[in-house]
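Chain residues, written in single-letter form:
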Amino acid sequence: MGLIPDFKKIATRSPWIYRINAGSCNGCDVEMATTALIPRYDIERLGCQYCGSPKHADIVLISGPLTVRVKDAVLRMYEEIPDPKVTVAVGVCPISGGIFRESYAVLAPIDQYIPIDVNVPGCPPRPQAIIAGVAKAIEIWRERL
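Residues numbered from 1 in each chain as written. Predicted model: local features only at pLDDT ≥ 70, side-chain atom pairs only at ≥ 80, totals over all residues. Heavy atoms only, no water.

Side note on the overall build of the protein
Formally: Labels follow the DSSP assignment, with helices taken as runs of H or I lasting at least four residues and strands as runs of E lasting at least two, numbered in each case from the N terminus. C-alpha atoms define the radius of gyration, and 2.2 Å times the number of residues to the power 0.38 defines the globule rule. Only protein chains enter the accessibility calculation, which uses a 1.4 Å probe; a residue is then buried when its area is under 20% of its type maximum, exposed when over 50%, and partly exposed in between. Contacts between residues were defined by any pair of non-hydrogen atoms, one from each residue, lying within 4.5 Å. Each accessible area is a Shrake-Rupley result for a 1.4 Å probe, and residues are judged covered by the shown protein chains and nothing else. Positive charge is attributed to Lys and Arg, negative charge to Asp and Glu, and no charge count is given to His or to the chain ends. One atom stands in for each charge, and that atom is NZ of Lys, CZ of Arg, CG of Asp or CD of Glu.
A count of helical and extended segments in the protein gives 5 helices and 5 strands. Secondary structure elements of the protein occur, N-terminal to C-terminal, as α-β-α-β-β-α-β-α-β-α. For 145 residues, the compact-globule formula gives about 15 Å, and the C-alpha radius of gyration of the protein, at 16 Å, lands near that figure. Taking the principal axes of its C-alpha atoms as reference, the protein extends roughly 55 × 35 × 20 Å. The buried share of the protein, reckoned over its 145 residues, is 41%. Within the protein, counting contacts between residues at least 6 apart in sequence, those at least 24 apart form 82% of the total. As displayed, the protein offers around 8,100 Å² of accessible surface, 56% of which is attributable to carbon and sulfur atoms. Side chains of the protein carry 16 positive and 15 negative charges; the gap between the two charge centres is 1 Å.

A look at the nonpolar core
This is how the line gets drawn: By convention a nonpolar core is built from buried Ala, Val, Leu, Ile, Met, Phe, Trp, Tyr and Cys residues, the set being connected through side-chain atoms within 4.5 Å.
Grouped together as the largest cluster of nonpolar side chains are 18 residues, with contacts concentrated most on Ile17, Ile59, Leu61, Val88, Val90 and Val134. Going through the elements one at a time, α2 (27–37), β3 (59–63), β4 (86–90), β5 (118–120) and α5 (127–144) are the ones with two or more residues in this core. Looking at this core, the element that brings in the most residues is α5, giving 6 residues. Excluding residues within four positions of it along the chain, Val88 makes contact with Ile59, Val60, Leu61, Ile62, Val118, Val120, Gly133 and Ala137. Counting 14 residues, the second largest nonpolar core, distinct from the first, contains Ala22, Val60, Ile81 and Ile114.

A look at the environment of Arg144
For the record, the criterion: Residues adjacent in sequence count toward polar contacts only when both atoms are side-chain atoms; beyond that, a polar contact is any pair of N or O atoms within 3.5 Å, and within protein one must be able to donate a hydrogen and the other to accept it.
Along the polypeptide, Arg144 turns up in helix α5. Taking the C-alpha atoms as reference, Arg144 lies 26 Å from Ala73; in sequence the two are 71 residues apart. Not counting residues within four places of it along the chain, the set of residues in contact with Arg144 comprises Pro84, Lys85, Val86 and Asp117. Polar side-chain contacts of Arg144 include one of 2.7 Å to the side chain of Asp117.

Focus: α2
Side chains of residues three or four places apart in an α-helix project in the same direction, reflecting 3.6 residues per turn. Listed in full, the buried residues belonging to α2 are Cys28, Asp29, Glu31, Met32, Thr34 and Thr35. Residues of α2 that are buried in the fold lie against β1 (16–21), β2 (49–50), β3, β4 and α5.

As structure tokens, then:
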């Protein structure tokens, strides 16, 4: 059964990405869509692609400051993602709450509830910054395999 360790060295599976909106204004979501849909910023050149289910994801991109209303749903979706998972906070809102941090409805920063591996600051972050954050997430994910 020496085939399995050799196979793992030769073939690596491609990470799948899942997006969670934790109450954002959608500015970051538009930029994440840009990385998926526009050939100039094609994130698939890194060997990954977006998926529609958290159960298939390896890397999760979270945008928004985590609002009271969506907290339970976000935590439930996060728990559905199998280990090893890597979490990327996209935008300043999940990092600090951004312009919403003083709101009664905001629970930011999100790392109080979910461990964050990579931060991509910006309001919204540029597509190049999101791609750089995903590239860092892929490195972390491969180390955890």
